[in-house]
Amino acid sequence: MKLQRLVISCGGTGGHFYPGLSIARRFQERGGGVLLLLSGIHARNQCETASRYGVAAVALPQMPHYRRHPLLFLRGLIGGYFAARREIRNFSPQAMLGMGSFAALPVVRAAVSCRIPLFLHDGNARIGKGNRFFSRWAEFAGSAFPAVNSEKCRCPVFECGMPLRPELSAGLIADKAGALDAVNKEFGTGFQAAQPVFLVTGGSQGAAVFNRILPQAFLRCHGKFQVIHLAGKGKADEAAAIYQNAEFPYLLLESTEKMAQMMMAADVVFSRSGGSTLAELSFFGKPAVLIPYPYAAEGHQMDNARYFAGQEAAVVVENSAFDVEKALELLDDALNDREKWQIMGKNMQRLSRSDASDVMIDKISEQLN
């Protein structure tokens, strides 16, 4: 039986939505029919995003966090269940793929009640609470990285990688020099390929370790280098006040849609360790200093980071331990032992699973047979 019609449930944050959207887009490219059933407070905005890529999506009734708003959660669960059941019956899928989060519960229960085979994907090295709960009904769960707690699942777990946005590889610039040329033309900078480039990307929210500590360390660092700094929405002013006396070339932005260019231009990246970020780092083969977000659920960003550090592809520093002196130590090492960091980059690229969407689709199809 060839998989031809698939429902994907994405609930909650972008960390669940964008990998699901990537799988949906790839499945459509392969000739399949797909429907996204979205829940959570961002569902309507996510529907608009999906529509821009030609992917059909339906926003289900909102379902706030069960601990904060138990009555609203229950109302959203019931309303979402019947809405999802109606959509599933109309669409007649052969399988349903859940991307994690308890916000997906209405769709999961609706699929189970309609006897639609359930499959799961988790974007981290630690299978989340939602997917662990859903695993009692699932055929299998795919994880972005080797799972540290697969024994907690009631279904088989296998590593399939993290689905990547197709834009990352579309029109990919082959080398650092080409990427810097593109950045220079786009932003009017004068970066040179012969000098190291540090990329700082602290996530959409920004953070003090990225926007205060690292700029101070750059100003105290000796040697020739360049900096591309993505500060996060509304966070650039904080970093700009420190950079104003910089003697090195730098580009400071809140964010950019040219992330592929920035990654290709970088020699070393300072970042958090979310699943999508790490998948992109490995795709581009960039050594990284990973500073896990300390409040990530169940510490899953630390689990992700430890996996890459264990493969000698990254250095991990706890958020509380990252100060100016630690940053200086790492910068000096990256500038004075470039061969070591280049080897780390090769190790990072060795971990890339750019075929994750295809692997997940093929595995579901095999299971249906």
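This is a predicted model, so every value here is computed, not measured.

Colleague: Is there a simple way to explain the packing of helix H7 (residues 208–220) against helix H12 (residues 324–336) in this structure?
Modeller: The angle between the axes and the distance between the axes are what describe a pair of packed helices. Between H7 and H12, the shortest axis-to-axis distance is 9 Å and the interhelical angle comes to 55°. It follows from the interaxial angle that H7 and H12 lie oblique. Relative to H12, the crossing made by H7 is right-handed. Between H7, through Ile213, Leu214, Gln216, Ala217, Phe218 and Arg220, and H12, the contact on the second element is made entirely by Val324, Glu325, Ala327, Leu328 and Leu331. Residues of the contact of H7 with H12, tallied by class, amount to 8 nonpolar, 1 polar and 2 charged.

Colleague: Before we go on, may I ask you to explain helix H1 (residues 14–29) in this structure?
Modeller: Every α-helix winds through 3.6 residues per turn, so residues three or four apart in the chain are directed the same way. Its 16 residues give H1 an end-to-end C-alpha distance of 22 Å, which sits within 8% of 22 Å, the value for a rise of 1.5 Å per residue. Along H1, the positions that sit buried rather than exposed are Phe17, Pro19, Gly20, Leu21, Ser22, Ile23, Ala24, Arg25 and Phe27. Once H1 ends, the next one or two residues include glycine 31, with phi positive near 95°.

Colleague: What should I look at first to understand empty space enclosed by the protein in this one?
Modeller: A probe matching the size of a water molecule, rolled over the atoms, marks out where space remains unfilled. Applying the stated criterion to the full structure yields 1 cavity of 30 Å³ or more. Approximately 60 Å³ is the volume attributed to the largest cavity. Ala144, Phe145, Glu159, Gly161, Met162, Ala279, Ser282, Leu351, Ser352 and Arg353 are the residues that line the largest cavity. Residues of the lining of the largest cavity, tallied by class, amount to 5 nonpolar, 3 polar and 2 charged.

Colleague: Any chance you could explain helix H2 (residues 43–52) here in plain terms?
Modeller: Of the residues making up H2, those classed as buried are Ala43, Gln46, Cys47, Thr49 and Ala50. Each buried residue of H2 lies within a common arc of 165° when the element is viewed along its axis, so the set occupies one face. Pointing more than 90 degrees away from the buried face of H2 are the exposed residues Arg44, Asn45 and Arg52. Packing partners of the buried residues in H2 comprise H1, strand E2 (33–39) and strand E3 (56–59).

Colleague: Just to check I follow, could you spell out the pattern of salt bridges for this structure?
Modeller: Taken as a whole and assessed by the stated rule, the structure comprises 14 salt bridges. Between arginine 220 and glutamate 325 there is a salt bridge, and its shortest N-O distance comes to 2.8 Å. You can see arginine 220 sitting in helix H7 and its partner glutamate 325 sitting in helix H12, a full 105 residues away along the chain. For glutamate 325, a relative accessible area of 47% puts it in the partly exposed group. Linking arginine 353 and aspartate 355 is a salt bridge whose minimum nitrogen-to-oxygen distance equals 3.6 Å. Since its relative accessible area comes to 36%, aspartate 355 is described here as partly exposed. Linked through salt bridges whose partners overlap, the residues forming this network are Arg26, Glu29, Arg30, Asp358 and Asp362.

Colleague: What should I look at first to understand the sheet that holds strand E13 (residues 314–316) in this one?
Modeller: Adjacent strands of a sheet pair through backbone hydrogen bonds, lying either parallel or antiparallel. Judged by pairing direction, the sheet is parallel, and its 6 strands sit side by side in the order E10-E9-E8-E11-E12-E13 without closing on themselves. Each edge of the open sheet carries a strand with a single partner, namely strand E10 (250–253) and E13. Each neighbouring strand pair of the sheet contributes to a mean axis angle of 15°, computed without reference to strand direction. Contacts from helix H8 (residues 236–243) reach strand E9 (226–230) and E10, with the element oriented near 155° to E10.

Colleague: What should I look at first to understand the state of the cysteines in this one?
Modeller: Where two cysteines share a covalent bond between their sulfur atoms, that bond is called a disulfide. All told, the structure shown has 0 disulfides when counted by the stated rule. There is no disulfide at cysteine 114, and the cysteine sulfur nearest it, in cysteine 10, is 18 Å away. The cysteine cysteine 153 is free of any disulfide, with cysteine 155 supplying the nearest cysteine sulfur at 5.3 Å.

Calculation notes
- Residues numbered from 1 in each chain as written.
- Predicted model: local features only at pLDDT ≥ 70, side-chain atom pairs only at ≥ 80, totals over all residues.
- Heavy atoms only, no water.
- Axes fitted to C-alpha atoms, helices over the stretch in contact; angles between N-to-C directions.
- Helix = DSSP H or I, 4+ residues; strand = E, 2+ residues; numbered from the N terminus.
- Parallel < 35°, antiparallel > 145°, perpendicular 65-115°, else oblique.
- Left-handed = near helix turned anticlockwise from the far one by under 90°.
- Contact = heavy atoms within 4.5 Å.
- Nonpolar A, V, L, I, M, F, W, Y, C, P; charged D, E, K, R; others polar.
- Expected span 1.5 Å × (residues − 1).
- Buried < 20%, exposed > 50% of the residue type's maximum accessible area, 1.4 Å probe, protein only.
- 1 Å grid on protein atoms, 1.4 Å probe; cavity = no way out; pocket = protein on both sides within 12 Å on 5 of 7 lines; lining within 4 Å.
- Points joined across faces, edges and corners; volume = space filled by probe spheres on them.
- Arc of directions from axis to C-beta.
- Salt bridge = Lys/Arg side-chain N within 4 Å of Asp/Glu carboxyl O.
- Pairing = 2+ DSSP bridges.
- Disulfide = S-S within 2.5 Å.

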